[in-house]
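Residue-level structural notes
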Amino acid sequence: MDMEINFPNLGIYLDHVGKNISIFGLSIAYYGIVIVTGMMIAIWIAQREAKRTGQNPEQYLDLAMIGIAAGILGARIYYVVFAWDYYKDDLLSIFNIRQGGLAIYGGIIGACIAVVIYSRKKKQSFGLLMDTASMSIVFGQIMGRWGNFFNREAFGDYTNNLFAMQLPVSAVRANEITQKMWDHVVTVNGVEYIQVHPTFLYESLWNVGVLLFLFWFRKRKKFNGEVFLMYLIGYGLGRIWIEGLRTDQLLLPVVGLPVSQLLSGCLVAGCTILVVWKRKKLSSGGETAHS
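The model shown is predicted, which means the values in this text are computed figures rather than measured ones. (Residues numbered from 1 in each chain as written. Predicted model: local features only at pLDDT ≥ 70, side-chain atom pairs only at ≥ 80, totals over all residues. Heavy atoms only, no water.)

1. As for the overall build of the chain
Note the following rule: Numbering goes from the N terminus for both helices and strands, where a helix is a DSSP run of H or I of at least four residues and a strand is a run of E of at least two. Each radius of gyration reported is based on C-alpha atoms, and the globular scaling rule is 2.2 Å times the count of residues to the power 0.38. With a 1.4 Å probe rolled over the protein chains alone, any residue whose accessible area is under 20% of its type maximum counts as buried; one over 50% counts as exposed, and the rest are partly exposed. Any two residues whose heavy atoms approach within 4.5 Å at even a single point are treated as in contact. Accessible areas in this description were obtained via Shrake-Rupley with a 1.4 Å probe; residue shielding takes into account the shown protein chains only. Charged residues are defined narrowly, with Lys and Arg counted positive, Asp and Glu counted negative, and His plus the chain ends left uncounted. Taken as the charge centre is NZ of Lys, CZ of Arg, CG of Asp or CD of Glu, depending on the residue.
Scanning the chain from N- to C-terminus turns up nine helices and seven strands. For a compact globule of 291 residues, the expected C-alpha radius of gyration is about 19 Å, and the chain comes in at 20 Å, within 12% of that figure. Within the chain, the fraction of its 291 residues that count as buried is 47%. Residue pairs at least 24 apart in sequence account for 71% of intrachain contacts in the chain once pairs closer than 6 positions are excluded. Here the chain displays about 14,800 Å² of accessible surface, and carbon together with sulfur accounts for 66% of that area. Counting 26 positive and 20 negative side-chain charges, the chain places the centres of these two groups 15 Å from one another.

If you want it as structure tokens, here you go:
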């Protein structure tokens, strides 16, 4: 069903924003269209980067198919594990990804495992492969967040800032509506709206900055794998503060801490230490560049 999505403080009112489109009677989710489009462009970016660095661009099509499949599997497993209460009473819903439910970090973990296996089988540098794919990964995330927009998910708590977004109460999961949102519900033409942080937009814009940085940094890297490490640092820094705004956080059992926020902090710290250590080792002559 089509509904409005509004950005009142920007004067933007989007009528009839649906979740699906019907083609010859077949319902196709906008979420899926956005994801697939992002994947296709991401593969093109990786092939262009491979050509620039003297690699075989064609292998990145094969690698993409493997990495994407492993990434989707990892993203779904990660999400289901940390949102088990939502799926435990309807196990078949685990296989329905058309409505969302893919965790980015799970996707990265799944894809990395696939690339490790691929690199060992082909006797290639894991670091070089991941450096080449880093810009593609970020671009895929930029696009993927707009899939969240169509699904009315990945938003934050109530705000009245410049980018505040209004969503119909009936279009979102009830468990993601906080008391603060209910306290500020607005009714327009008989329809109740919550007003929230568009965290999907924050992360998409942040990742544009990360992407531009990586395109600049790729020619300045000192060792294979450094571009990928810088991606993890850049993305992690943004995810730390953005995750803190969201109301659909996946929480670590027992301690109740946001999983992605905790993982982001660990990655930022760990990758920063690794980059500094590797660069110092190279400057002291302990290793050769791009080893």
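2. A look at helix 9 (residues 259-283)
Quick note on the threshold: How far a helix is expected to stretch is found by multiplying one less than its residue total by 1.5 Å.
Here helix 9 is 25 residues long and its end C-alpha atoms lie 36 Å apart, about the 36 Å a rise of 1.5 Å per residue gives. Of all the positions in helix 9, only V259, S260, S264, V268, C271, V275, K278 and L282 are classed as buried. Taken together, the buried residues of helix 9 touch helix 2 (59-82), helix 4 (104-122) and helix 8 (226-243). Where helix 9 ends, the next residue or the one after it, G285, has phi of about 85°, a positive value.

3. Here's the deal with the nonpolar core
To be explicit about the condition: Put simply, buried Ala, Val, Leu, Ile, Met, Phe, Trp, Tyr and Cys residues joined by side-chain atoms within 4.5 Å make one nonpolar core.
V138, L214, F228 and Y231 are the most contacted members of the largest nonpolar core, which has 44 residues in total. Those elements giving two or more residues to this core turn out to be helix 1 (30-52), helix 2, helix 4, helix 5 (126-151), helix 7 (199-217), helix 8 and helix 9. Not counting the four nearest positions on each side in its chain, Y231 is found in contact with I108, S134, I137, V138, Q141, V210, L214 and G236. Counting residues in hydrophobic clusters, the runner-up holds 16 residues, among them I5, V17, F155 and L201.

4. Focus on the packing of helix 4 against helix 8
To be explicit about the condition: A fitted line through C-alpha atoms serves as each axis, taken over the contacting stretch for helices, and the angle formed by two N-to-C directions is quoted from 0 to 180°. Our angle categories are set so that under 35 degrees counts as roughly parallel, over 145 as roughly antiparallel, 65 to 115 as roughly perpendicular, and the remainder as oblique. For any pair of crossing helices, the crossing counts as left-handed if the nearer helix is rotated counterclockwise from the farther one by less than a right angle, and right-handed if it is rotated clockwise. Under this grouping Gly is polar, as are all residues other than the nonpolar Ala, Val, Leu, Ile, Met, Phe, Trp, Tyr, Cys and Pro and the charged Asp, Glu, Lys and Arg.
Relative to each other, helix 4 and helix 8 sit at 165°, their axes nearing to 13 Å. What the angle tells us is that helix 4 and helix 8 run roughly antiparallel. The handedness of the crossing between helix 4 and helix 8 is left-handed. Of the residues in helix 8, those in contact with I104, Y105, I108 and C112 of helix 4 are F228, Y231, Y235, G236 and R239. Split by residue class, the contact of helix 4 with helix 8 holds seven nonpolar, one polar and one charged.

5. Observations concerning the state of the cysteines
Each disulfide is one covalent bond, formed between the sulfur atoms of two cysteines. Quick note on the threshold: Note on terminology: pairs of cysteine sulfur atoms within 2.5 Å are recorded as disulfides.
The tally for this structure, following the rule as stated, stands at zero disulfides. Summary of cysteine pairing: C271 is not part of a disulfide, and the nearest cysteine sulfur, belonging to C112, is at 10.0 Å.

6. A word on a nonpolar patch on the surface
Going by this rule: Only residues above 30% relative accessible area that lack a salt bridge enter a patch, with like-charged residues linked at up to 9 Å and the nonpolar side chains Val, Leu, Ile, Met, Phe, Trp and Tyr linked at up to 5 Å. Any carboxyl oxygen of Asp or Glu that lies within 4 Å of a side-chain nitrogen of Lys or Arg is treated as forming a salt bridge with it.
There is a patch of nonpolar side chains on the surface, built from L10, I12, L162 and F163 and spanning about 320 Å² of accessible area. Looking at the element boundaries, L162 is found in the loop between helix 5 and strand 5 (165-168). The class for L162 is partly exposed, based on a relative accessible area of 48%.

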